[in-house]
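# A closer look at the structure
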Amino acid sequence: MSRTPVLPDGWTLVAFDSVGSTNDEARRLAEAGAAEGTFVWARKQTDGRGRRGRRWISPVGNLYCSIVLRPACVAARAAELGFAAALSVADLVPPRRDLRLKWPNDVLVDGGKIGGILPETSIGENGLVDYVVLGIGVNVALAPELPEMRYPGAKLGGSVEKAAERLTAALARWLARWRREGFEEIRRCWLDKAGPLGAEVDVRLGEELVHGRFAGMDGEGALLLETSDGRRRIVSGELLGRAA
Ligand code: BTN
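Residues numbered from 1 in each chain as written. Predicted model: local features only at pLDDT ≥ 70, side-chain atom pairs only at ≥ 80, totals over all residues. Heavy atoms only, no water.

## Thoughts on the overall build of the chain
Counting its regular elements, the chain contains four helices and twelve strands. Its C-alpha atoms give the chain a radius of gyration of 17 Å, near enough to 18 Å, the size a compact globule of 244 residues would have. If you line up the chain on its principal axes, its C-alpha atoms span 55 × 40 × 35 Å. With 244 residues in all, the chain has 54% of them scored as buried. (Helix = DSSP H or I, 4+ residues; strand = E, 2+ residues; numbered from the N terminus. Rg over C-alpha atoms; globule rule 2.2 N^0.38 Å. Buried < 20%, exposed > 50% of the residue type's maximum accessible area, 1.4 Å probe, protein only.)

Laid out in structure tokens, this is it:
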């Protein structure tokens, strides 16, 4: 017997059996004025999108959702919300499993990817964020393997409805913390669950592949990498390998 998830107070559920991409639906709703906490959820997606133009295979059994946020912050701070989302997905993972957050927003469990975040931001004419859509995919019942994916899939287990309820409750808590205490607190908690400082990593920057040691994340969400040419600050790129 299927049921719909119960959301935190003030959130609104928009549920679909099947949709192209919940991010596209959420953006349409946000453009039409949807309020913060609008939670678009689909049992499957026919055109799920991942970061960097990748597909997100979305059969029935996993969690696909997009949340409309209206943080009224400057554009540069919008990316901070992706880290809060990754921490919320991390909260779903039982302590006995090996959890690792990977820059910017991947959630790995036992070496496999269990969840991904696709934040999409719209900036108003005043230069402030009009809305952020936080697209979140979590492997609950299935661990789809994709040829272009850098890790094997992993899954959480349990029901998709329960995962949605726990995820929204966790996200409400992390968002409240972000508003109250700022990004520094999110950064500290994220780093706590990221790979060890000094771990060797490769980062793809377009055509360039940079090798270095993970040196943390700065107060603007940029990846810090210690390379043979000195410290580099990476705003957008793709981390390869499992550390950090
Ligand atoms: C990633 O590449 O790691 C990000 C994956 C994000 C997938 C989610 S599923 C719900 C939402 N709708 C989409 O089309 N993508 C995001």
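More follows now that the structure is in view.
## Quick notes on the sheet that holds strand β9 (residues 208–217)
Taking strand neighbours across the sheet as the criterion, the five strands line up as β11-β10-β9-β8-β12 in an open arrangement whose pairing is antiparallel. Of all strands in the sheet, those bounded by a partner on one side alone are β11 (230–234) and β12 (238–240). Strand-to-strand, the axes of this sheet are offset by a mean angle of 45°, without reference to chain direction. Sheet analysis places strand β8 (residues 200–205) next to β12, joined by three bridges and oriented antiparallel. Residue pairing in the sheet places Val203 in a bridge with Leu239 of β12. (Pairing = 2+ DSSP bridges. Axes fitted to C-alpha atoms, helices over the stretch in contact; angles between N-to-C directions.)

## Looking at the state of the cysteines
This structure, assessed with the given rule, holds zero disulfides. Left without a disulfide partner, Cys73 is nearest to the cysteine sulfur of Cys189, which lies 19 Å away. Using a relative accessible area of 8% as the deciding quantity, one classes Cys73 as buried. (Disulfide = S-S within 2.5 Å.)

## Observations regarding the site of the ligand
By nearness alone, 20 residues border the ligand, and Ser21, Gln45, Arg49, Arg51 and Lys113 come closest of all. For the ligand, a nitrogen atom lies 3.1 Å from a polar atom in the side chain of Thr22. The side chain of Gln45 places a nitrogen or oxygen atom 2.9 Å from a nitrogen atom of the ligand. Its free accessible area being 420 Å², the ligand has 98% of it covered by the protein chains. With four residues, strand β6 (residues 112–123) is the single largest residue contributor to the shell around the ligand. When its residues are assigned to classes, the shell around the ligand shows six nonpolar, ten polar and four charged. (Near = heavy atom within 4 Å. Polar contact = N/O pair within 3.5 Å; in protein donor to acceptor, adjacent residues only side chain to side chain. Areas by Shrake-Rupley, 256 points an atom, 1.4 Å probe, with all protein chains shown as cover. Nonpolar A, V, L, I, M, F, W, Y, C, P; charged D, E, K, R; others polar.)

## Examining the pairing of β6
β6 sits mainly inside the fold: nine of its twelve residues count as buried. Linkage of strand β5 (residues 106–109) to β6, two consecutive antiparallel strands, is achieved through a turn of two residues, within which Asp110 is found at a positive phi near 50°. In this sheet, strand β7 (residues 129–138) lies alongside β6 in antiparallel orientation, the contact comprising nine bridges. Residue Leu118 lies in a different strand from β7, and its bridge partner there is Gly135. Where β6 folds back onto β7 in an antiparallel hairpin, the turn is made up of five residues, including Gly127, whose phi is positive at roughly 85°.

## Points about the nonpolar core
Within the largest apolar cluster, 59 residues are counted, with the highest numbers of intra-cluster contacts made by Leu63, Ile136 and Trp190. In terms of residue count, helix α3 (residues 160–181) provides more of this core than any other element does, nine residues in total. (Core = buried A, V, L, I, M, F, W, Y, C linked by side-chain atoms within 4.5 Å.)

## What about the sheet that holds strand β2 (residues 38–45)?
Reading across from one edge, β1-β2-β3-β7-β6-β5-β4 is the order of the seven strands in this open sheet, with mixed pairing throughout. What marks the edges here is a single partner per strand, and that holds for β1 (12–19) and β4 (99–102). Neighbour-to-neighbour, the strand axes of this sheet turn through a mean angle of 15°, independent of strand direction. Examined bridge by bridge, β2 and strand β3 (residues 63–69) share five bridges and lie antiparallel to one another. Paired with Thr38 across the bridge in β3 is Val68.

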